[in-house]
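# Secondary and tertiary structure notes
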Amino acid sequence: MKKLILILILASPALAQTISPVINECGRKCTGQFSFTNNGMEPLLVTVEPASFSIDATTGRSIYRPLDSTAQVLMNETSTRLGPREEHQFDYSVKCSAYPCMVVLRTSATGGHTDNGLQLRFQLPEVIYQCEKAKHCRADSRKALGLKD
Amino acid sequence: MKRSLTICFTVLAMILPVFAQAAVTGNTATINLSMSVGESITIAPSTQTLPAFTYAPGAATSGTQTFSLVTTWQLAAGHTAMRSNFWFASATAAMTNGTTSIPASEFFLKVNAGTFSACNFANDPVVTQAVSGATCNAGINYTLAAPFSGTQTDTITVQLQNLPANLSAGAYTGVLNVAADAN
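As the structure is a computational prediction, the values presented were derived from the model and not from experiment. (Residues numbered from 1 in each chain as written. Chains lettered and ligands numbered in written order. Predicted model: local features only at pLDDT ≥ 70, side-chain atom pairs only at ≥ 80, totals over all residues. Heavy atoms only, no water.)

### Observations concerning the layout of surface pockets
Residue and element names in this part refer to chain B. Put simply, the largest pocket is a space of about 270 Å³. Looking at the largest pocket, it is lined by 18 residues, and the ones nearest its centre are Phe53, Tyr55, Leu167, Gly170 and Tyr172. Taken together, the residues that form the lining of the largest pocket break down as 12 nonpolar, six polar and no charged. Computed from the structure, the second largest pocket encloses a volume of approximately 150 Å³. (1 Å grid on protein atoms, 1.4 Å probe; cavity = no way out; pocket = protein on both sides within 12 Å on 5 of 7 lines; lining within 4 Å. Points joined across faces, edges and corners; volume = space filled by probe spheres on them. Nonpolar A, V, L, I, M, F, W, Y, C, P; charged D, E, K, R; others polar.)

### What about the pattern of salt bridges?
Residue and element names in this part refer to chain A. Using the criterion set out here, one finds four salt bridges over all chains in the structure. Arg28 is the partner of Glu132 in a salt bridge, and the nearest nitrogen-oxygen pair spans 2.9 Å. Linking Glu132 in the loop between strand S10 (117–130) and helix H2 (137–144) with Arg28 in the loop between strand S2 (23–26) and strand S3 (30–38), this pair joins segments that are 104 residues apart in sequence. Exposure remark for Glu132: the relative accessible area of 47% places this residue in the partly exposed category. The class for Arg28 is exposed, based on a relative accessible area of 52%. Of the charged contacts, one joins Glu49 and Arg106 as a salt bridge, the two residues approaching to 3.4 Å between their closest N and O atoms. Of the two residues, Glu49 sits in strand S4 (residues 44–55) while Arg106 sits in strand S9 (residues 101–110), which places them 57 residues apart along the sequence. For Glu49, a relative accessible area of 27% gives the class partly exposed. Taking the relative accessible area as the measure of exposure, Arg106 reaches 3% and is therefore buried. Residues joined by salt bridges that share partners form a network here, namely Glu49, Arg106 and Arg121. (Salt bridge = Lys/Arg side-chain N within 4 Å of Asp/Glu carboxyl O. Helix = DSSP H or I, 4+ residues; strand = E, 2+ residues; numbered from the N terminus. Buried < 20%, exposed > 50% of the residue type's maximum accessible area, 1.4 Å probe, protein only.)

### Some remarks on the state of the cysteines
All names here are of chain A. Here the structure, examined in full by the defined rule, presents four disulfides over all chains. With its sulfur 2.0 Å from that of its partner, Cys131 forms a disulfide with Cys137. Disulfide Cys131-Cys137: torsion about the S-S bond near 80 degrees, hence right-handed. Just as Cys131 is buried, Cys137 falls in that class too. (Disulfide = S-S within 2.5 Å.)

### Side note on the nonpolar core
Of all hydrophobic cores here, the largest spans 74 residues; its most connected members are Phe86, Phe107 and Leu109 of chain B. Of all the elements, S10 of chain A adds the most residues to this core, at seven residues. (Core = buried A, V, L, I, M, F, W, Y, C linked by side-chain atoms within 4.5 Å.)

### Concerning the confidence of the model for chain B
Low-confidence regions, as indicated by low pLDDT, have predicted coordinates that should not be scrutinised in detail. On average, residues of chain B score 86 in pLDDT, and 82% of them reach the 70 mark or higher. For this predicted complex, the interface score ipTM comes out at 0.87, while the overall pTM is 0.83. (pLDDT = per-residue confidence, 0-100.)

### A closer look at the interface of chain B and chain A
A common way to express how large an interface is: the accessible area buried when the components associate. Each partner contributes to the interface: chain B provides 46 residues, whereas chain A provides 45 residues. Approximately 3800 Å² of surface area, both sides summed, lies buried where chain B meets chain A, with 54% of it carried by carbon and sulfur atoms. On inspection of chain B and its partner chain A, the count reaches zero salt bridges. Those elements that place two or more of their residues in the side of chain B that touches chain A are strand S1 (40–45), strand S2 (49–51), strand S3 (64–74), strand S4 (82–87) and strand S11 (173–182) of chain B. The element that contributes the greatest number of residues to the side of chain B that touches chain A is S11 of chain B, accounting for 10 residues. (Contact = heavy atoms within 4.5 Å. Buried area = accessible area lost by both parts, 1.4 Å probe.)

### Topic: the sheet that holds strand S1 (residues 17–20) of chain A
With antiparallel pairing, the nine strands of this open sheet are ordered in space as S6(A)-S8(A)-S3(A)-S1(A)-S1(B)-S3(B)-S10(B)-S7(B)-S8(B). Among the strands making up the open sheet, the edge pair consists of strand S6 (71–75) of chain A together with strand S8 (117–118) of chain B. In terms of strand pairing, S1 of chain A meets S1 of chain B through three bridges, oriented antiparallel. Pairing of Gln17 of chain A across the sheet is with Ile43 of chain B, part of S1 of chain B. (Pairing = 2+ DSSP bridges.)

### Looking at the packing of aromatic side chains
Note on aromatic pairs: each is described by the distance of the centres and the angle between the planes. Residues and elements named next belong to chain A. Summed over all chains, the structure comprises seven aromatic pairs over all chains. Judged by centre distance (5.9 Å) and plane angle (75 degrees), the rings of Phe53 and Tyr129 are edge-to-face. Taken together, the residues Phe53 in strand S4 and Tyr129 in strand S10 connect sequence positions 76 residues apart. Taking the relative accessible area as the measure of exposure, Tyr129 reaches 0% and is therefore buried. (Phe/Tyr/Trp six-rings, centres within 6.5 Å; stacked < 30°, edge-to-face > 60°.)

Structural data, given as structure tokens:
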């Protein structure tokens, strides 16, 4: 039994973070939530920053930019501290006056501190597509940018 | 006669329920099963901090530091791209000891067996508001194909190069940003 516990501890990642879901499609009323999980054994400081984005039709890569004046993001909180193995849920609502509206909530995590060396800061995206209607919003938004879906 | 009738009724009483059961036509029970697998991205670095570079006084190049990055994704069909990249918040101060700064142009990074390149490129599209001239030119592209889930391990090596001989003494610190993107 002791060996099993030891194996489980060793098998679990010492450092890891997960965001889920990655995509949310909304209609006019856009509220949602996403979870950020600290899979590791060290505490993490997590911050969330909203941004607008478009997509490069050739490469499919996101092109981020500061949040458009036509978009408003409200969050229940924009930062938190996550203990080992802790999962946290962020609630948000998005209001856009122009559609399609593409917003990303860039969620960054830092852990540890160094007085001599480099600190690593990891960022994962929560992507929100808002249209008149939620159905096919992502596909429609991408088509409008010249992408296949 | 009375005894025979009693036996007959007893036997009938025992058999009738069997016939009655046989006459029942049972519906085939179905249980609907469902499972929702949400999209997720996980990044598991080998460390959250890198120790100080080894450095010989007057040298133009430091020792290297390495960390691994395990990226796991579980996405829905339709995604066309997913990638990661690295950047600093300042082009002029990738690392600083409080008085002297090492610019991003002297910070070099490579992924796996790639070649070192400086982190002084213009804004990467993935990185919002990153300062121009502070983005590493060595991103990671992930192969997205059905079933749109997978895992990839990459080794990132960093080094300071082209350092001035008169670099002031002190403990240098900095923050290297690592961003994953999928849309």
